[in-house]
Amino acid sequence: MGKFQSFILSGRRKNNKEMNAINSKIINHAVLEDKPLLGICYGAEILALTAGGTIRKMKTLQKGNSKVMTVRENPLCDGTIEVYQSHNFEISQLGKSFTHIAKSESCNYEIIQYGDSRIFGTQFHPEMTQDGLGLIENFLLL
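Per chain, residue numbering runs from 1 following the sequence as it is written. Since the coordinates come from a predicted model, pLDDT governs what is reported: local features require at least 70, and pairs of side-chain atoms require 80 or more to be given and counted, while whole-chain, interface and lining totals use all residues. Side-chain measures here rest on the full set of heavy atoms in the structure, leaving out hydrogens and waters.

Colleague: I keep staring at the sheet that holds strand β4 (residues 80–93) and nothing clicks. Help me out?
Modeller: Two pairing modes exist for strands in a sheet, parallel and antiparallel, and in both the strands are linked by backbone hydrogen bonds. Between any two strands, at least two bridges found by DSSP are needed for them to pair. A run of DSSP states H or I qualifies as a helix once it reaches four residues; a run of E qualifies as a strand once it reaches two. Both are numbered from the N-terminal end. As summarised here, the arrangement of the seven strands in space is β1-β2-β7-β6-β5-β3-β4, forming an open sheet in which the pairing is mixed. Since the sheet does not close on itself, it has two edges, and those belong to β1 (7–9) and β4, each with one partner. Between one strand axis and the next, the sheet turns by 20 degrees as a mean value, whatever way the strands run. Note: β1 against strand β2 (residues 37–40), three bridges, orientation parallel. Bridge assignment links Leu-9 to a residue of β2, and that residue is Gly-39. The axes used here are C-alpha line fits, helices contributing only the stretch in contact, and every angle between their N-to-C directions lies in the interval 0 to 180 degrees.

Below, the structure is given as structure tokens:
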């Protein structure tokens, strides 16, 4: 893992304990080595779980475009952005090391940040909208 400059953890179709363990190791490595990491959907959930947060199953599947509003200044995005949702789990509680960055009407923790590091999680899929692609570009510049 030492040869990588940054990491992106993507979504998943089903829960896999081996993949969860591998992703937790990647997250811990990024924290220890101060490397940028972006967790997308499941990647954000495993980020939260690895660092002391919790997730829960939602009452309804979140699927389709929605608006996400930033609640704190951050290097990824500003104001309100259009994103694509596709998940039925959500981050329900943040570990004490996290900062809450953005929320939507359906989900409180749409973007999270590990302390003041370059480690972020998005509950949505930024690769699916123009605003989201801008967020990924900003992440790559960190």
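Colleague: Whenever I open this one, the environment of Leu-133 confuses me. Can you help?
Modeller: The residue Leu-133 is located in helix α3 (residues 130–140) in this model. Residue contacts follow a heavy-atom distance rule, with two residues in contact if any of their heavy atoms lie within 4.5 Å. Contacts of Leu-133, omitting those with residues within four sequence positions, involve Pro-126 and Glu-127.

Colleague: Please explain α3 as it appears in this structure.
Modeller: For an α-helix, 3.6 residues make a turn, and residues three or four places apart therefore share a direction. Think of it in three bands: with a 1.4 Å probe and only protein chains considered, a residue is buried below 20% of the maximum accessible area for its type, exposed above 50%, and partly exposed in between. Inspection of α3 places Gly-132, Leu-135, Ile-136 and Phe-139 among the buried residues, and these make up the whole buried set. All buried residues of α3 fall inside an arc of 100 degrees around its axis, so they share one side. Counted as exposed and oriented over 90 degrees from the buried face of α3: Gln-130, Glu-137 and Leu-140. Buried residues in α3 make contact with β1, β2, β4, β6 (111–114) and β7 (119–122). Throughout, the arc means that of the directions going from the helix axis to the C-beta atoms.

Read these as spatial facts, not as claims about activity.
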